[in-house]
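Descriptive analysis of the structure
What follows is the residue order along each chain.
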Amino acid sequence: MKTTLPKDNPFRVPDGYFDSLTDRIMASLPREEKKPARRLWRWAAAACLAGAIAIGGYYSLRQTTDAPQTASVEQTESDYMDEALDYALVDNQEIAAYLTSNE
Amino acid sequence: MTGLFIIPPRMDETLLIHNIKDTRTREAAFRTLVDTYKERLYWQIRRMVVSHDDADDVLQQTFIKAWTGLDTFRGEARLSTWLYRIASNEALNHQARRKETTDIDDAVGLADDPYFDGDETQLQLHNAIATLPPKQRTVFNLKYFDEMKYEEMSETLGTSVGALKASYHHAVRKITAFFEAID
């Protein structure tokens, strides 16, 4: 049979199939996402703690002063809150993205 | 083009295995693995499943299985044997799944397949091969087109050399009978 039947390949592939194949396969491989998420969770926890301490510290400071409630004080409050939130290493968007990705 | 591909003599499989086992170099090493074996594995699979689209699916599944199973590869078998084994299993699973969901015979449509470019004899040969039971088809393809030695086939498929020889000769008789019937 080997002398009468063909061994050459009658099957064809689309043009460029093998050229792009490696990239497609590498892109389809499952990747572990654990480590970055763990880091994010720790940052989120640290940010909440830092924010809580900053806000707590601000309010205890307010109680010890006699500063009048003027517009300028409210402005300062707002600036202080911004600053306290800036201490957060992670913003709310990132926390939301992490929480929804782990549903 | 034949089904036999030669590994470039420069490639050191020991080094590649080492790099694959090391998680720091795994990604780059796996890319090398894909580049080296993708064509050989594709043709092995294609001969089994016949359709290009199916072969593409099974090939991707093969590499995904290899990637997720890298820690189980102990390095005593050759990489090619290990990959061939995964590809063979994935192709067989694919055929089994197809059989459950459709009655379409693989032989139907080969003549109309845009990615089949053979003459009448090749068409009949591949139609005949498609009538073989899946495992027998694998054995026939590996022996006839890849000219794989029985010992390596035994390692790849996990079947004894004696059983493989019997399977191959059975396949040859069936294909011969197929041709005699259409003459």
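Residues numbered from 1 in each chain as written. Chains lettered and ligands numbered in written order. Predicted model: local features only at pLDDT ≥ 70, side-chain atom pairs only at ≥ 80, totals over all residues. Heavy atoms only, no water.

**A closer look at the overall build of chain A**
Rule in force here: Going along the chain from the N terminus, every DSSP run of H or I of four or more residues is numbered as a helix, and every run of E of two or more is numbered as a strand. Only the protein chains shown count as cover for residues, and the accessible areas themselves come from Shrake-Rupley with a 1.4 Å probe.
A tally of helices and strands in chain A yields four helices and zero strands. Traced from its N-terminal end to its C-terminal end, chain A shows the element sequence α-α-α-α. Carbon and sulfur atoms make up 55% of the accessible area of chain A, which amounts to about 7600 Å² in all.

**A look at the overall build of chain B**
In terms of regular secondary structure, chain B is built from eight helices and zero strands. For chain B, the α and β elements follow one another from N to C terminus as α-α-α-α-α-α-α-α. As presented, chain B carries roughly 9300 Å² of accessible surface, and 52% of it is formed by carbon and sulfur atoms.

**Points about helix α1 (residues 17-28) of chain A**
So the rule is basically this: In this analysis, the expected span of each helix is defined as 1.5 Å times one less than the number of residues it contains. Only protein chains enter the accessibility calculation, which uses a 1.4 Å probe. A residue is then buried if its area is under 20% of the maximum for its type, exposed if over 50%, and partly exposed in between. Taken from the helix axis, the directions to the C-beta atoms give the arc we talk about. Note on contacts: a residue pair qualifies if any of its non-hydrogen atoms lie within 4.5 Å across the two residues.
End to end, α1 of chain A covers 16 Å across 12 residues, agreeing with the expected 16 Å (1.5 Å per residue, within 8%). Turning to α1 of chain A, its buried residues are Tyr-17, Phe-18, Leu-21, Thr-22, Ile-25 and Met-26 of chain A. Projected onto a plane normal to the axis of α1 of chain A, the buried residues spread over an arc of 160° and lie on a single side. Opposite the buried face of α1 of chain A, at more than 90 degrees from it, the exposed residues are Asp-19 and Ala-27 of chain A. In this structure, the buried residues of α1 of chain A make contact with α2 (26-49) and α3 (52-68) of chain B.

**Things to note about the environment of Ile-86 of chain B**
Residue and element names in this part refer to chain B. Relative to the helices and strands, Ile-86 is located in helix α4 (residues 79-101). Residue Ile-86 is classed as buried on the basis of its relative accessible area of 14%. Not counting chain neighbours up to four residues away, the residues in contact with Ile-86 comprise Thr-62, Lys-65 and Ala-66.

**Quick look at the nonpolar core**
Here is the rule: Nonpolar cores are built from buried Ala, Val, Leu, Ile, Met, Phe, Trp, Tyr and Cys residues. Side-chain atoms within 4.5 Å join them into one set.
With 62 residues, the main nonpolar core has Phe-30, Phe-140 and Ile-175 of chain B as its most contacted residues. Ranked by residue count, the leading element in this core is α2 of chain B, at 11 residues.

**Concerning the confidence of the model for chain A**
Threshold: A residue's pLDDT is simply how confident the predictor is in it, with values from 0 to 100.
In the predicted model, chain A carries a mean pLDDT of 72, and 50% of its residues have values of at least 70. The weakest mean pLDDT in chain A belongs to helix α3 (residues 71-86) of chain A at 60; the strongest belongs to α1 of chain A at 97.

**Here's the deal with the side chain of Gln-44 of chain B**
Structurally, Gln-44 of chain B can be placed in helix α2. Excluding residues that lie within four positions of it along the chain, Gln-44 of chain B makes contacts with Tyr-84, Ala-87, Ser-88, Leu-142 and Asp-146 of chain B.

**A word on the interface of chain A and chain B**
As a reminder of what qualifies: For salt bridges, the criterion is a side-chain nitrogen of Lys or Arg within 4 Å of an Asp or Glu carboxyl oxygen. Throughout this description, a polar contact denotes any pair of N or O atoms lying within 3.5 Å of each other; where both atoms belong to protein, one of them has to be capable of donating a hydrogen while the other can accept it, and for residues adjacent in sequence the pair is counted only when both atoms sit in side chains. Each residue is assigned to one class: nonpolar for Ala, Val, Leu, Ile, Met, Phe, Trp, Tyr, Cys and Pro, charged for Asp, Glu, Lys and Arg, and polar for all the others, Gly among them.
Contact residues are listed per partner, giving 24 residues for chain A and 39 residues for chain B. Run the count over chain A and chain B and you get five salt bridges. For Asp-23 of chain A, the salt bridge is made with Arg-31 of chain B, and the minimal N-O distance between the two is 3.0 Å. At the boundary of chain A with chain B, the tally comes to 15 residue pairs in polar contact (both at pLDDT 80 or more). Residues belonging to the side of chain A that touches chain B are distributed by class as follows: 14 nonpolar, three polar and seven charged.

**Quick word on the packing of helix α7 (residues 150-157) of chain B against helix α8 (residues 161-182) of chain B**
Residues and elements named next belong to chain B. Which entries qualify depends on this criterion: Angular values range over 0 to 180 degrees, each being the angle between N-to-C directions of two axes fitted as lines to C-alpha atoms, with helices fitted over their stretch in contact. Reported orientations rely on four angle classes, namely roughly parallel under 35 degrees, roughly antiparallel over 145, roughly perpendicular from 65 to 115, and oblique for the rest.
In contact at an axis separation of 9 Å, α7 and α8 are set at 105° when each is read in the N-to-C sense. As judged from the angle between their axes, α7 and α8 are roughly perpendicular. Two secondary-structure elements touch here, α7 through Tyr-150, Glu-151, Met-153, Ser-154 and Leu-157 and α8 through Val-161, Leu-164, Lys-165, Tyr-168 and His-169. A breakdown of the residues in the contact of α7 with α8 according to their chemical character gives six nonpolar, two polar and two charged.

**Some words on unusual backbone geometry**
We note that Val-50 of chain B has phi near 75°; this positive angle belongs to a residue other than glycine. Inspection of the secondary structure assignment puts Val-50 of chain B in the loop between α2 and α3.

**Description of the side chain of Asp-54 of chain B**
For Asp-54 of chain B, the location among the structural elements is in helix α3. Once residues lying within four places of it in the same chain are set aside, the contact partners of Asp-54 of chain B are Val-49, His-94 and Arg-98 of chain B.

**A closer look at helix α5 (residues 120-130) of chain B**
Residues and elements named next belong to chain B. α5 sits mainly inside the fold: nine of its 11 residues count as buried. If you check which residues of α5 are buried, you get Gln-122, Leu-123, Gln-124, Leu-125, His-126, Asn-127, Ala-128, Ile-129 and Ala-130. Summarising the contacts, the buried residues of α5 are in contact with α6 (134-144) and α8.

**Section: the packing of aromatic side chains**
This is how the line gets drawn: Note on aromatic pairs: the rings of Phe, Tyr and Trp (six-membered ring only in Trp) are paired at centre separations within 6.5 Å, and the planes decide the class, stacked below 30 degrees, edge-to-face beyond 60, tilted for the rest. Here, over-ring charges are defined by two tests on the NZ atom of lysine or the CZ atom of arginine: distance to the ring centre within 6 Å, and angle to the ring normal within 35 degrees.
For the structure shown, the criterion picks out 14 aromatic pairs over all chains. Where Phe-30 of chain B meets Phe-63 of chain B, the ring centres are 6.3 Å apart and the plane angle is 85°; that geometry is what we call edge-to-face. Residue Phe-30 of chain B is found in helix α2, and its partner Phe-63 of chain B is found in helix α3; the two are separated by 33 residues along the sequence. Of the two residues examined, Phe-30 of chain B and Phe-63 of chain B, each falls in the buried class. Ring geometry for Phe-30 of chain B versus Trp-67 of chain B: centroids 5.1 Å apart, planes at 70°, classification edge-to-face. Of the two residues, Phe-30 of chain B sits in helix α2 while Trp-67 of chain B sits in helix α3, which places them 37 residues apart along the sequence. By relative accessible area, Phe-30 of chain B is classed as buried at 0%. The class for Trp-67 of chain B is buried, based on a relative accessible area of 14%. An aromatic cluster of at least three residues, connected via ring pairs, comprises Tyr-17 and Phe-18 of chain A together with Tyr-42 and Trp-43 of chain B. Lying over the aromatic face of Tyr-144 of chain B, Lys-7 of chain A brings its terminal NZ or CZ to 4.8 Å of the ring centre. Taking NZ or CZ as reference, Lys-143 of chain B lies 4.8 Å from the ring centre of Tyr-150 of chain B, over its face.

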